[in-house]
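The residues making up each chain are set out below.
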Amino acid sequence: MAEPLNLDGFRGLVDDKLCTIEASCNTGFEFLVLEEVKEILGCEGRCHRGRVIFDINTEDVPKTLKLRTVNNLWVLVGHTGKFSYPAESEDQLISLADYAESLPWDKALQVWKDVMKFKGTVIKEDKDTKVDDVPSFRCSCYRTGSNHKFKSSEAQISVGGRIHDIFGWNVKMKDYDLEVVMNCDIDQVYVTIALTNKALFNRTLSHLGFLCLKPTVCACLVRFAKIEPGDVVLDPMCGGGSIPLEGSQMNTGGYFIGGEISAGGAERSRKNQTDISTLHGLSKVPLMDAMQWDALHPCLRDNSVDVIISDLPFGKRSGSKADNRVLYPRTMNAMARLVRPSTGRAVLLTQDKTSMFKTFGKIQKYWKLNRYFGINIGGLHGLIFLFNRTQQNFES
Amino acid sequence: MKLLTHNMLSSKAIKNVREGFPLLIEARDVKVSEAEFNQEFIAKIIPKVDWDALRRAAEQLGHLESLPLAVPQGFENDTDFLKQAHHALYEIELINGNLVCPETGRKFPVSDGIPNMLLNEDEI
């Protein structure tokens, strides 16, 4: 929420045929969301911190739910770059409610109704008639800056109250149908309606394990690896199989294999695999396999793998940083035998930056660092590394 | 475990094993499922498959059916061939059984579709 939105060139707030959408992601992955928005929806987005903004045809808004790199979605109702806050706190609250009331709600509400498949009445024909099937709603406020003379909770009450007056919806703080969001910066205010009440990453992991990676983060890693049709993709420390599970649903043309040392992990992978079919009503199995193995003694043929994608132990909840100093280089050297020289690559996520930096020199015969970038992962600063497999054939 | 996976498995990580491929299959329970067919995807994976090993594996699972003896010329556009390859690689799964190292006879158990490829102390 820290930096103002740049809506130059976006017409979703002025053109009925378009909507401006805000899509959130783990910070650091914005460039991958931008890519997915272009590829899957054909829309040109703009990156902000933790979010991508884009215009889409109003009738196509439901398609945004197909995005796999995105955590949450909102449709913009109104935006102003220069909100004039009155002097007194009470007046500030009233002016926010006035602002919300002044916005054109119809299009955004219709879009919400379509996306949520809401069967009731959103806008009453007659304001005063009591109607039973209106949505329940809540108002949320996200605030940045120290110039506001109100708390977020007060804004929620003020704006929420006004919305209740206008639309006659029932207020419900949890398990609501519709969420109105006020975003208040130092100068900027914008109002959105949430198109996701549950984050989009609640889609795959029915058997949550000890440490699992959000499907949206997995999708970002798979996208970053640029899988080509026919690629064999291996996660040598797959845990519950989050990465192969997500990857095998992304229509990349890759074949995903997960290896995991713990029996519990491999079993969870398998259960998650069969559950996906049930959960999504698929009659067809995802193109992946899981096995139990030790990544340091991998049972695959030489040069059989094209891409490694893995979430390495951070050394916090699993193992330790001292273990990582040894584990990281040993794993990468073991993987070197499996991965095709020249074209092969590895995408690795870790929070243990020091162990990784110390690993470069020990693996440089087979792995060359291409690039790395930072992400926010559950409050920790993670790093994603891309390595290219050198031309050097493996010598034991 | 799908046969495409089997086509890549090897017991080479065991001390003194030269190739360790292909692993012999002792099948107890086999399941046939349905996987989404995509012509482009399967055409791209064929060059990476050891076709003889695939045929032998399909036979060991009791599902050789009419799988061709070899990959034909121009296979990229041969939809019938690609569909048969797709079926063998993705749709026949070993659920319970063993995978056997051709050089040492060591058995790797497969249960509930998951091969256990963990090696013992004296094997590494």
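Residues numbered from 1 in each chain as written. Chains lettered and ligands numbered in written order. Predicted model: local features only at pLDDT ≥ 70, side-chain atom pairs only at ≥ 80, totals over all residues. Heavy atoms only, no water.

Describing the overall build of chain A
Each helix and strand counted, chain A has nine helices and 15 strands in total. The principal-axis extent of the C-alpha atoms belonging to chain A is close to 80 × 45 × 35 Å. Looking at chain A as a whole, 57% of its 396 residues qualify as buried. Considering only contacts in chain A between residues 6 or more positions apart, those separated by 24 or more positions represent 75%. Taken as a whole, chain A presents about 17000 Å² of accessible surface, with 50% of it coming from carbon and sulfur. For chain A, the centre of its 49 positive side-chain charges and the centre of its 47 negative side-chain charges are spaced 8 Å apart. (Helix = DSSP H or I, 4+ residues; strand = E, 2+ residues; numbered from the N terminus. Buried < 20%, exposed > 50% of the residue type's maximum accessible area, 1.4 Å probe, protein only. Contact = heavy atoms within 4.5 Å. Areas by Shrake-Rupley, 256 points an atom, 1.4 Å probe, with all protein chains shown as cover. Lys, Arg positive; Asp, Glu negative; His and termini not counted. Charge placed at Lys NZ, Arg CZ, Asp CG, Glu CD.)

Notes on the sheet that holds strand β13 (residues 345–350) of chain A
All names here are of chain A. Here seven strands make up an open sheet; going across it, the order is β11-β10-β9-β12-β13-β15-β14 and the pairing mixed. Here the strands that pair on one side only, and so sit at the sheet edges, are β11 (288–292) and β14 (367–377). Taking the axes of each pair of neighbouring strands and ignoring which way they run, one obtains an average angle of 15° across the sheet. Across six bridges, the pairing between β13 and strand β15 (residues 380–389) is antiparallel. Looking at the pairing, Ala 346 lines up with Phe 387 of β15. Helix α5 (residues 215–224) rests against β10 (255–260), β12 (307–311), β13, β14 and β15 of the sheet, and its axis sits at about 150° to β13. (Pairing = 2+ DSSP bridges. Axes fitted to C-alpha atoms, helices over the stretch in contact; angles between N-to-C directions.)

A closer look at the interface of chain A and chain B
Facing 36 residues of chain A, the contacting portion of chain B comprises 33 residues. Summing both partners gives a buried area of about 3000 Å² for chain A against chain B, and 62% of it is carried by carbon and sulfur. Considering only the side of chain A, the residues that lose the most area to chain B are A:Arg270, A:Cys299 and A:Arg301, jointly responsible for 23% of the buried surface there. Taken together, the links from chain A to chain B amount to three salt bridges. Where chain A meets chain B, there are 13 residue pairs in polar contact (both at pLDDT 80 or more). (Buried area = accessible area lost by both parts, 1.4 Å probe. Salt bridge = Lys/Arg side-chain N within 4 Å of Asp/Glu carboxyl O. Polar contact = N/O pair within 3.5 Å; in protein donor to acceptor, adjacent residues only side chain to side chain.)

Quick word on the confidence of the model for chain B
Here chain B shows a mean pLDDT of 95. Residues at 70 or above account for 100%. Both confidence scores are given for the complex: pTM 0.94, ipTM 0.97. (pLDDT = per-residue confidence, 0-100.)

Things to note about the sheet that holds strand β2 (residues 92–100) of chain B
Residue and element names in this part refer to chain B. Taken together, four strands build an open sheet; the order of strands is β1-β2-β3-β4 and the sheet is antiparallel. One side of each edge strand has no neighbouring strand; the edge strands of this open sheet are β1 (24–32) and β4 (114–115). Here strand β3 (residues 107–111) runs beside β4; their pairing, made up of two bridges, is antiparallel. By the bridge assignment, Ser 111 is partnered in β4 with Ile 114. Of the strands in this sheet, β1 and β2 are in contact with helix α4 (residues 79–91), which crosses β2 at around 60°.

Comments concerning the pairing of strand β3 (residues 51–57) of chain A
Residues and elements named next belong to chain A. With six of seven residues buried, β3 lies mostly within the body of the structure. With seven bridges connecting them, strand β1 (residues 18–24) and β3 associate as antiparallel partners. Paired with Glu 22 across the two strands is Ile 53, which belongs to β3. Across four bridges, the pairing between strand β2 (residues 45–48) and β3 is antiparallel. When the bridges of β3 are listed, Cys 47 appears paired with Val 52. Counted between consecutive antiparallel strands, the loop separating β2 from β3 contains two residues, among which Gly 50 sits at a positive phi close to 75°.

Thoughts on the packing of aromatic side chains
According to the stated counting rule, one finds 21 aromatic pairs over all chains in the structure shown. Considering the side-chain rings of A:Phe385 and A:Phe387, the 6.3 Å spacing of their centres and the 20° angle between planes classify their relative orientation as stacked. For the pair shown, A:Phe385 and A:Phe387 are each scored as buried. Linked through ring pairs, A:Phe357, A:Phe360, A:Tyr372, A:Phe385 and A:Phe387 together constitute an aromatic cluster. A:Arg143 extends its terminal NZ or CZ atom over the ring of A:Phe150, reaching a point 5.7 Å from the ring centre. Note that A:Arg301 overlies the ring of B:Phe21, its terminal NZ or CZ placed 3.8 Å from the centroid. (Phe/Tyr/Trp six-rings, centres within 6.5 Å; stacked < 30°, edge-to-face > 60°. Lys NZ or Arg CZ within 6 Å of the ring centre and 35° of its normal.)

What about the side chain of A:Thr252?
Along the polypeptide, A:Thr252 turns up in the loop between α6 (242–247) and β10. At 3.0 Å, the side chain of A:Thr252 forms a polar contact with the backbone nitrogen of A:Gly254. The contacts of A:Thr252, once residues within four sequence positions are left out, are A:Val222, A:Ile227, A:Glu228, A:Pro229, A:Gly247 and B:Phe41.

Focus: the packing of helix α2 (residues 89–102) of chain A against helix α4 (residues 152–167) of chain A
Helix-helix packing is described using two parameters, namely the angle between the two axes and the distance between the axes. All names here are of chain A. Axis separation between α2 and α4 bottoms out at 9 Å; the angle between their running directions is 40°. Compared by their axis directions, α2 and α4 come out oblique. For the element pair α2 and α4, the recorded crossing hand is right-handed. Contact residues: α2 offers Leu 93, Ile 94, Leu 96, Ala 97, Asp 98, Ala 100 and Glu 101, while α4 offers Glu 154, Ala 155, Ser 158, Val 159, Arg 162 and Ile 166. The residue inventory of the contact of α2 with α4, partitioned by class, reads eight nonpolar, one polar and four charged. (Parallel < 35°, antiparallel > 145°, perpendicular 65-115°, else oblique. Left-handed = near helix turned anticlockwise from the far one by under 90°. Nonpolar A, V, L, I, M, F, W, Y, C, P; charged D, E, K, R; others polar.)

Re the nonpolar core
Counting residues in each nonpolar core, the largest one holds 80 residues, and the members touching the most others are A:Phe54, A:Trp105 and A:Ile309. Per-element accounting of this core gives the leading share, seven residues, to α5(A). A:Trp105 has contacts with A:Val77, A:Ala100, A:Ile163, A:Phe167, A:Val180, A:Val191 and A:Ile193, leaving out every residue within four places of it along the chain. If you look at the next biggest cluster of nonpolar residues, it comprises 68 residues, including B:Leu4, B:Met8, B:Leu9 and B:Leu54. (Core = buried A, V, L, I, M, F, W, Y, C linked by side-chain atoms within 4.5 Å.)

Examining the pattern of salt bridges
As a working rule, side chains carrying opposite charge can pair if their charged atoms are close by. For the structure on display, the rule yields 22 salt bridges over all chains. Measuring nitrogen to oxygen at the nearest pair gives 3.1 Å for the salt bridge that ties A:Arg345 to A:Asp231. Of this pair, A:Arg345 sits in strand β13 while A:Asp231 sits in the loop between α5 and β9 (232–235), and the two are 114 residues apart along the sequence. You'll find A:Arg345 and A:Asp231 in the same group, each marked buried. As a salt-bridge pair, A:Asp302 and A:Arg337 come within 2.7 Å of each other at their nearest N and O atoms. Here A:Asp302, found in the loop between β11 and β12, pairs with A:Arg337, found in helix α8 (residues 321–338); they are 35 residues apart in sequence, far enough to count as distant. In the salt-bridge network here, residues are joined through shared partners; they are A:Asp231, A:Asp306, A:Arg340, A:Arg345 and B:Lys48.

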